[in-house]
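Close look at the chain arrangement
One letter stands for each residue in the lines below.
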Amino acid sequence: MDSRTRRTPVGAPDPRPAGERPALVPLRHRSPASAAVLVLHGGRADSLAPSRPWHVAALRMRPVARAVATAVPDGEVFLGRVRYRHRGWNGSRADPVRDARRALAELTRLVGEVPVVLVGHSMGGRTALRVADAPQVRGVVALAPWCPEGEPVTQLRDRKVIVLHGDRDRITDPRESVAFVRRARDAGSDAGVLLVKAGDHAMLRRYGTWHRATGAAVAELLTPGGPAGPADGLLATALSAPGGGVL
């Protein structure tokens with residue numbers, strides 16, 4: 001890890017209102033931490049119902065988190081997930097964005113300022129891309145992200161972004177991911193998209209490809225190595241294909 005990463009004292013005051021559950025759920029934590037990966041699951045466009053860990057969207061990210069843990073076996077890399085208060089994005093409220101920012105703040109209080117990679121699926125992908133302007137975020141792996149027209153991209157300047165999207169996704173449109181990545185590049189991001197051939201939104205078809213690619217992408221983003229990462233890495237492959245590479 002980059003030895004120049006600045007650390008902040010652990011144990012700062014917690015501004016969370018009394019009785020509110022933490023937004024950060026540790027999955028693997030050994031002190032000291034040299035880096036961190038946060039996983040963000042999907043949800044619904046609109047719902048104020050409580051988000052629960054047994055909902056399908058949350059359960060689907062469990063094997064993804066395991067794949068990341070396998071690809072990044074270094075115990076000093078903290079692995080956690082973001083806990084949402086509500087199931088939905090909820091328009092201008094953008095509830096999961098607020099939760100993700102709380103989780104990043106809680107992470108800093110827990111382990112100090114270390115480089116972070118965010119891994120988000122669907123609504124979680126949109127959320128991860130939104131909060132990538134946080135100073136500790138090094139990059140984002142967005143899985144079948146929800147990227148509606150007009151979604152902001154300026155926050156991705158100087159960030160690395162790898163988008164994986166199934167070409168048979170009927171819930172979120174892979175063409176919108178391609179368009180989003182193009183705009184992110186114009187805004188100064190090292191962003192690329194890889195299309196999973198025959199891949200669906202739930203990442204069940206060709207799940208092995210999804211899991212291996214996600215783990216490899218996270219490992220690549222955590223490894224310092226120039227603006228585009230390794231010459232033969234996933235990001236380099238994605239960057240070389242304007243319309244998206246194919247897995």
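Not measured: the values here are computed from a predicted model.

1. Focus on the pairing of strand β2 (residues 35-40)
For β2, a buried count of six out of six residues is recorded, marking the element as mostly surrounded by other parts of the structure. Side chains of β2 alternate between two faces, with Ala35, Val37 and Val39 and Ala36, Leu38 and Leu40 buried alike. By the bridge criterion, five bridges tie β2 to strand β3 (residues 77-82) in an arrangement that is parallel. Residue pairing across strands places Val39 opposite Arg81, the latter belonging to β3. Following the backbone out of β2, through helix α1 (residues 56-71) and into the adjacent parallel β3, one traces a crossover that is right-handed.

2. Some points on the sheet that holds β3
Strand order in this open sheet of eight strands is β1-β3-β2-β4-β5-β6-β7-β8, and the pairing throughout is mixed. Two strands close off the open sheet at either side, each with one partner strand: β1 (24-28) and β8 (245-246). α1 rests against β1, β2, β3, β4 (116-121) and β5 (137-143) of the sheet, and its axis sits at about 165° to β2. The strands touched by helix α2 (residues 95-111) are β1, β2, β3, β4 and β5; relative to β3, the strand with the most contacts, the crossing angle is about 150°.

3. What to know about the packing of aromatic side chains
Counted according to the given criterion, the structure contains one aromatic pair. Aromatic pair Trp89 and Trp146: ring centres 5.8 Å apart, planes at 70°, arrangement edge-to-face. Taken together, the residues Trp89 in the loop between β3 and α2 and Trp146 in the loop between β5 and β6 (160-166) connect sequence positions 57 residues apart. Since its relative accessible area comes to 3%, Trp89 is described here as buried.

Cut-offs and rules
- Residues numbered from 1 in each chain as written.
- Predicted model: local features only at pLDDT ≥ 70, side-chain atom pairs only at ≥ 80, totals over all residues.
- Heavy atoms only, no water.
- Buried < 20%, exposed > 50% of the residue type's maximum accessible area, 1.4 Å probe, protein only.
- Helix = DSSP H or I, 4+ residues; strand = E, 2+ residues; numbered from the N terminus.
- Pairing = 2+ DSSP bridges.
- Right-handed = clockwise from strand over helix to strand, strands pointing away.
- Contact = heavy atoms within 4.5 Å.
- Axes fitted to C-alpha atoms, helices over the stretch in contact; angles between N-to-C directions.
- Phe/Tyr/Trp six-rings, centres within 6.5 Å; stacked < 30°, edge-to-face > 60°.

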